[in-house]
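Descriptive structure summary
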Amino acid sequence: MGMPQDIDVGSHIWVGDPELAWTDGIVMNVKGTEAEVQTGDGKMLITTLSKIYPRDLESPDEGVDDMTKLSYLNEPAVLYNLATRYKINEIYTYCGNILIAVNPFQSLSHLYDDSIMQRYKGVQLGELSPHVFAIADVAYRAMINEGKSNSILVSGESGAGKTETTKMLMRYLAFLGGHAAAEGRTVEQQVLESNPVLEAFGNAKTVRNNNSSRFGKFVEIQFDRHGRISGAAIRTYLLERSRVCQISDPERNYHCFYLLCAAPLEEIQRYKLGDPKSFHYLNQSSCYELVGVNDAHDYLATRKAMDVVGISEKEQEAIFRVVAAILHLGNIAFAKGEEDSSMLQDDESKFHLQMTAELLMCDPQALEVALCERVMITPEEIIKRSLDPHGATVSRDGLAKTIYSRLFDWLVNKINVSIGQDPHSQCLIGVLDIYGFESFETNSFEQFCINFTNEKLQQHFNQHVFKMEQAEYKNEEIDWSYVEFVDNQDVLDLLEKKPGGIISLLDEACMFPKSTHETFTQKLYQTFKDHKRFVKPKLARTEFTIVHYAGEVQYQSDQFLDKNKDYVVPEHQDLLSASQCPFVAGLFPPLSEETAKSGKFSSIGSRFKLQLQQLMDILKSTEPNYIRCIKPNSELKSAVFENANVLQQLRSGGVLEAIRVKCKGYPTHRTFIEFLNRFAILAPEILEGNYDEQVACKWILEKVGVTGYQMGKTKVFLKAGQMAVLDAHKAKILGESAKVVQKHIRSHLGRKRYVCMRRSSIHIQTAWRGKLARQLYTTMKKEAAAATEIQKTFRRQVARRKYIETKSSAIVLQTGLRTMVARNEFRYMAKTKSAVIIQEKTDVCPFKEHEVVQKENELCPIIEEISSHDEGASDIDILRAKVEKLKALLLAEKKRADELEKKHAEAQELSEKRRKKLEETEKRVYQLQDSLNKLLFSMSDQFSQLKTILSSPSNKRSTSQPITRNDSSDSSDNSDASSSDSDFTFPSPVDSANISSLPPDAVQRIVKDASATETGSEDSEKEGGAFDDYF
Ligand SMILES: Nc1ncnc2c1ncn2[C@@H]1O[C@H](COP(=O)(O)OP(=O)(O)OP(=O)(O)O)[C@@H](O)[C@H]1O
Ligand SMILES: [Mg+2]
């Protein structure tokens, strides 16, 4: 990874540091292979060029989300990239397609909510920021698209976050392949709820993790052909049995013991439990409670989870009864009895023995015998042997461990049966949460098995990532250069080779009664003295060191033999299989005669080896995806990043090696057919011609512009990231095609919706228009009636006025004429009288004069006056004066008659004017009458049309003659066949003198006009009145 040739004076570099592992610096001087470096904190050091690495000054402040994007891919760059990201709570980083997850040791719930799951669904790896969901999504998509099972291998040291990561993976897979909530208790719910149950019985607080899984777990989630979860199987590996009866401070026993001690009072009393401090199996450590954990609450949660996974109430009661029995069993103490025998130490022990027997529903005496005695069957006889107190204690602990491990296996089995397997499932996704590499001060058989597991997994990793890869290059005859990697096959041979491996030698030792751990260790020294992976520590007698791929581990073989023996003491077996409790008896099914007779030795190491082999076989049949969990510090604190610690984990997890090899090789390869199936869409033209597969693949790659790939004999080999480039192109093309499809389907759906809406709107319109037409008709009918009434009144008014005018004119004329006649008559009479008077004065007798006077008196008071004067006067002058006066009077009368004549003429003129006006009004009335008639005619016509429309049957409506709208253009450009013109037409009058041509307020206007005329007539009537007055 180092590139010394790139380093010169002034180069920014990484240099080793005892505290920080790596620190930044600048090269001040280079002398041969040595460089003088000034570190960031000002120290000067001299180091060899091969031990310093170039540093990229332009790397982003927030780090890069994929290590392969680092400009200088070296150990310090990887380490500092992780540290930089961890600081800003970016806990996930890719390393190619391996995900590195650094434990945040704090809740980052925003990273895992449902919206985030939704975001990662179906998204290409690398498109969004690195996430555990992205890895699960890749596995799921690969399974759906390629029909191949996938596995996700989560590894890391204790407390690194494997179990939490596994839970996230399972949650996301349940989200992708889950069923509708309405479907009741679903498989995925059961799978998820199996976690709290298994954690209660298989997890414990250790110094490295407060919730450490003390077993390995491989969850196989089966999917049906629709990609929905159809079944699941949980396989567990190597439960740490010794913890049941032996714990070190400040660790705890399995959680379930503490949960039961915090159960509701009723249950505590039923099982005669109490403070955890009173039980030997719990009080070996001073730690009883966990910070932030409420055991009482967790007890109820576990019971609830048990309900979900399908453990019945009765079974739950039996399970916790057995857990209580183990606690009581641990409190049975033994004292020395007669000779080498042992007996119950005190009353308390007797009580606990009684309670254990009661809870396990077996005979207390038989239990005591099974704990304190052994039966040896020899061909000759059956020998009973008493155990000393130590032997009885070992026997007691053995029984406790066996019961507990059987209980755990029962739980796993029950969960599997309850969830159910899908025999038709073609694909599965396996999630492996297994202990990481361990190296402590004292490493026993458990560490040996754990490290063996990790060697196996590393080999699988190597095989997948490196070995098979390079073998493939060779087979496919591509141009490549060999990439060195550390192969751990030799360590595996050392551990598991048959015969001759450590496990085989251990089994052998266990089968020889006289073997001890010392003889076993000596045998190891002898056998592997020249093995480069086996080291005998100086002065050691029972220790041996194995050089694992992740580092050297020194094992203490003291308990290897005991821990490897996997057999149930026949007395224990007989005791419990005869239990009155079917559950307890079920944990110890009677052995087949053959097994019982043969007494064949069963070793935990060999069984574990077999289990691992099976696991490897499953993993090999799947496409693996790797998640490497990193524990940033050993204090389990958030925001603390210990460089050396992390670096060690990166090395042992094979991450650095993987990066190196990946970047040098061709991590992605696909057969030509697979490649074409996947990417032919990038160059559809190749599907038309009859091209050779290889040529077609090249064509696609060149079209996209990918370079640096290799063509094998049957496969295309792509460099890291090239697949992503191709996928991105494909996604683009598919996206565009999808848009076209969407466009069409949307337009189709839109049109369908439009047509439907239009049809509905026509229905609504029809109904509305019908209603409006009916309203209009009613209004028009009322208006017509009103118009008739108005006309009637108006005509009457006009006629009356005409009559009044004519009458008044006649009266005027009559008056004038009569006046004139009277005046003429009067004038004549006056003249005659005057003439008579004159005549009488001159030559007529008084008699005649008297007659004349009398006549005059009759005719006029003036004449009377004259005659009266006449009577008194006889003077002719007076008469003459009177004549003169009469003349003057006549003249005045004449003048007045002239004036009256003149006024009469004026009145006649006015009358003529009024007559003309009357004629005009009459004319207007006729016009109005005419309009009204037309209006009535049009209304009746419309009414008849409306009647036709309304009376015609609805199914014939479309075939009937459309009633055209005034706006004819609207219908003409409607090309939709299903939407005929009639769909949008509005009924309208036929001729130009239609109602629509009349302004809407026409009738009102007529009425108004009429009333105006009436008002006018009133005025004229008033005028007439005045005229009358005048006369
Ligand atoms: N993604 C995470 N977010 C928040 N906290 C986490 C996360 N991962 C792990 N932790 C914390 O780290 C603790 C240890 O994690 P976990 O139990 O998963 O470790 P492990 O690798 O399974 O260890 P072991 O091998 O002992 O079982 C958890 O109890 C939790 O508090
Ligand atoms: Mg765990």
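Provided above is the structure to which this section pertains.
These lines cover the structure that appears in this document, whether it is placed above or below. (Residues numbered from 1 in each chain as written. Chains lettered and ligands numbered in written order. Predicted model: local features only at pLDDT ≥ 70, side-chain atom pairs only at ≥ 80, totals over all residues. Heavy atoms only, no water.)

Here we look at the overall build of the protein
Of regular secondary structure, the protein possesses 32 helices and 24 strands. Counting over 1031 residues, the protein shows a buried share of 45%. Total accessible area computed for the protein in this model is approximately 54,000 Å², and 54% of it derives from carbon and sulfur atoms. (Helix = DSSP H or I, 4+ residues; strand = E, 2+ residues; numbered from the N terminus. Buried < 20%, exposed > 50% of the residue type's maximum accessible area, 1.4 Å probe, protein only. Areas by Shrake-Rupley, 256 points an atom, 1.4 Å probe, with all protein chains shown as cover.)

Focus on the site of ligand 1
Residues in close proximity to ligand 1 total 17 residues, the closest being Ser158, Lys162, Thr163, Ser212 and Ser213. Here an oxygen atom of ligand 1 and a side-chain polar atom of Ser158 are 2.6 Å apart. The backbone of Glu164 places a nitrogen or oxygen atom 2.9 Å from an oxygen atom of ligand 1. Protein burial of ligand 1: of its 630 Å² of free accessible surface, 85% is covered by the chains. Examining the composition of the shell around ligand 1, we find that 3 residues originate from one element, helix H4 (residues 162–177), more than from any other. (Near = heavy atom within 4 Å. Polar contact = N/O pair within 3.5 Å; in protein donor to acceptor, adjacent residues only side chain to side chain.)

With respect to the packing of aromatic side chains
The tally for this structure, following the rule as stated, stands at 31 aromatic pairs. Between the aromatic rings of Phe445 and Phe560, the centroid separation amounts to 5.6 Å while the plane-to-plane angle is 75 degrees, which identifies the pairing as edge-to-face. Taken together, the residues span a long stretch of sequence, with Phe445 in helix H13 (residues 445–475) and Phe560 in helix H17 (residues 560–564) at a distance of 115 residues. By way of ring pairs, the aromatic residues Phe445, Phe448, Phe520, Tyr525, Phe528, Phe534, Phe544, Tyr555 and Phe560 are connected into one cluster. Lying across the ring of Tyr271, Arg270 places its NZ or CZ 5.4 Å from the centre. It is Arg628 that lies over the ring of Phe461; its NZ or CZ is 4.6 Å from the centre. (Phe/Tyr/Trp six-rings, centres within 6.5 Å; stacked < 30°, edge-to-face > 60°. Lys NZ or Arg CZ within 6 Å of the ring centre and 35° of its normal.)

Re the coordination of the magnesium ion (ligand 2)
Coordination of the magnesium ion (ligand 2) by the protein involves Thr163 (OG1) and Ser213 (OG), with metal-donor separations of 1.9 to 2.1 Å. Taken as a pair, Thr163 in helix H4 and Ser213 in strand S10 (residues 212–213) lie far apart in primary sequence, 50 residues in all. (Donors = N, O, S within 2.8 Å, 3.2 Å for Na, K, Ca; no water.)

Description of unusual backbone geometry
With omega at 0 degrees, the peptide bond leading from Asp249 into Pro250 counts as cis. Despite not being glycine, Glu477 has its phi angle at roughly 55 degrees, a positive value.

Some points on the packing of helix H8 (residues 295–309) against helix H9 (residues 313–330)
Taken N-terminus to C-terminus, the directions of H8 and H9 make an angle of 135 degrees; their axes are 10 Å apart at the nearest point. Between H8 and H9, the crossing angle belongs to the class labelled oblique. Seen along the crossing, H8 lies across H9 with a hand that is right-handed. Across the interface between the two elements, Tyr299, Arg303, Met306 and Asp307 of H8 pack against Glu313, Gln316, Ile319 and Phe320 of H9. Here the residues of the contact of H8 with H9 sort into 4 nonpolar, 1 polar and 3 charged. (Axes fitted to C-alpha atoms, helices over the stretch in contact; angles between N-to-C directions. Parallel < 35°, antiparallel > 145°, perpendicular 65-115°, else oblique. Left-handed = near helix turned anticlockwise from the far one by under 90°. Contact = heavy atoms within 4.5 Å. Nonpolar A, V, L, I, M, F, W, Y, C, P; charged D, E, K, R; others polar.)

A look at the pattern of salt bridges
For the coordinates displayed, the defined rule picks out 36 salt bridges. One salt bridge connects Arg171 with Asp114, and the closest N-O pair in it is separated by 3.8 Å. Taken together, the positions of Arg171 in helix H4 and Asp114 in helix H2 (residues 114–120) put the pair 57 residues apart, joining distant regions of the chain. For Asp114, a relative accessible area of 53% gives the class exposed. Note that Lys350 is salt-bridged to Asp347, the shortest N-O span being 3.9 Å. Placement of the pair is Lys350 and Asp347 together in helix H10 (residues 347–360), with a separation of 3 residues, close to one helical turn. The exposure class assigned to Asp347 is exposed, which follows from its relative accessible area of 58%. The network of salt bridges with common partners includes Arg214, Glu240, Arg243 and Glu251. (Salt bridge = Lys/Arg side-chain N within 4 Å of Asp/Glu carboxyl O.)

Topic: the sheet that holds strand S12 (residues 229–237)
Taken together, the 7 strands give an open sheet; going across it, the order is S6-S7-S21-S8-S17-S11-S12, and neighbouring strands pair in mixed fashion. Two strands in the sheet have a free side with no partner beyond their single neighbour: strand S6 (92–95) and S12. Taken over all neighbouring pairs, the strand axes of this sheet differ in orientation by 20 degrees on average, direction set aside. Across 4 bridges, strand S7 (residues 98–102) lies against strand S21 (residues 623–630) in parallel orientation. Along S21, the bridge assignment pairs Ala101 with Cys629. Relative to strand S17 (residues 427–433), H4 is tilted by about 160 degrees, and along the sheet it contacts strand S8 (150–155), strand S11 (216–223), S12, S17 and S21. Taken strand by strand, helix H5 (residues 187–202) contacts S11 and S12, and its axis lies near 20 degrees from that of S12. (Pairing = 2+ DSSP bridges.)

Concerning a nonpolar patch on the surface
A surface patch of nonpolar side chains, amounting to about 240 Å² of accessible area, comprises Ile26, Met28 and Met44. Following the sequence through the fold, Ile26 ends up in strand S2 (residues 21–31). (Patch = residues over 30% accessible without salt bridge, like charges linked within 9 Å, V, L, I, M, F, W, Y side chains within 5 Å.)

Here we look at helix H22 (residues 643–652)
Counting buried positions over the 10 residues of H22 gives 7, a clear majority of the element. Buried within H22 are the following residues: Asn643, Asn645, Val646, Leu647, Gln649, Leu650 and Ser652. Residue Gly654 follows H22 closely and has a positive phi angle near 75 degrees.

Remarks on the pairing of S7
With 5 of 5 residues buried, S7 is to be regarded as a mostly interior element. Taking every second residue as pointing to the same face, both faces of S7 are buried, with Ile98, Ile100 and Val102 on one and Leu99 and Ala101 on the other. Two elements, S6 and S7, share 4 bridges in a ladder whose sense is antiparallel. Residue pairing in the sheet places Thr93 in a bridge with Ile100 of S7. Connecting the antiparallel pair S6 and S7 is a turn made up of 2 residues, with Gly96 showing a positive phi of about 70 degrees.

Observations regarding a negative patch on the surface
A contiguous patch of negative charge on the surface is contributed by Glu338, Glu339, Asp340 and Asp388. Position of Glu338 among the secondary structure elements: in the loop between strand S13 (334–336) and strand S14 (342–344). By relative accessible area, Glu338 is classed as exposed at 70%. (Lys, Arg positive; Asp, Glu negative; His and termini not counted. Charge placed at Lys NZ, Arg CZ, Asp CG, Glu CD.)

Points about helix H1 (residues 75–87)
Taking 1.5 Å per residue, 13 residues should reach 18 Å; H1 reaches 19 Å between its end C-alpha atoms and fits that length. Most of H1 sits out of view: 10 of its 13 residues are buried. Among all positions of H1, only Glu75, Pro76, Ala77, Val78, Leu79, Asn81, Leu82, Ala83, Arg85 and Tyr86 are buried. By the N-cap criterion, in which a side-chain oxygen at the helix start approaches the backbone nitrogen of a residue two or three places on, H1 is capped by Asn74, the distance to Ala77 being 2.9 Å. (Expected span 1.5 Å × (residues − 1).)

A short note on the pairing of strand S19 (residues 543–548)
In terms of burial, S19 is a largely internal element, 5 of the 6 residues being buried. Bridging between strand S18 (residues 534–535) and S19 involves 2 bridges; their strand directions are antiparallel. Within S19, the position partnered with Val535 by the bridge is Thr545. Relative to strand S20 (residues 551–556), S19 runs antiparallel, the two sharing 6 bridges. Residue Val547 lies in a different strand from S20, and its bridge partner there is Glu552. Between S19 and S20, which follow one another and run antiparallel, lie 2 residues.

Here we look at the environment of Glu552
In this fold, Glu552 is placed in strand S20. Here Glu552 falls in the exposed class, since its relative accessible area comes to 54%. Remark: the alpha-carbon pair of Glu552 and Ser439, spanning 113 residues in sequence, is separated by 8.1 Å. What Glu552 contacts, discounting residues up to four positions off in sequence, is Ser439, Thr545, Ile546 and Val547.

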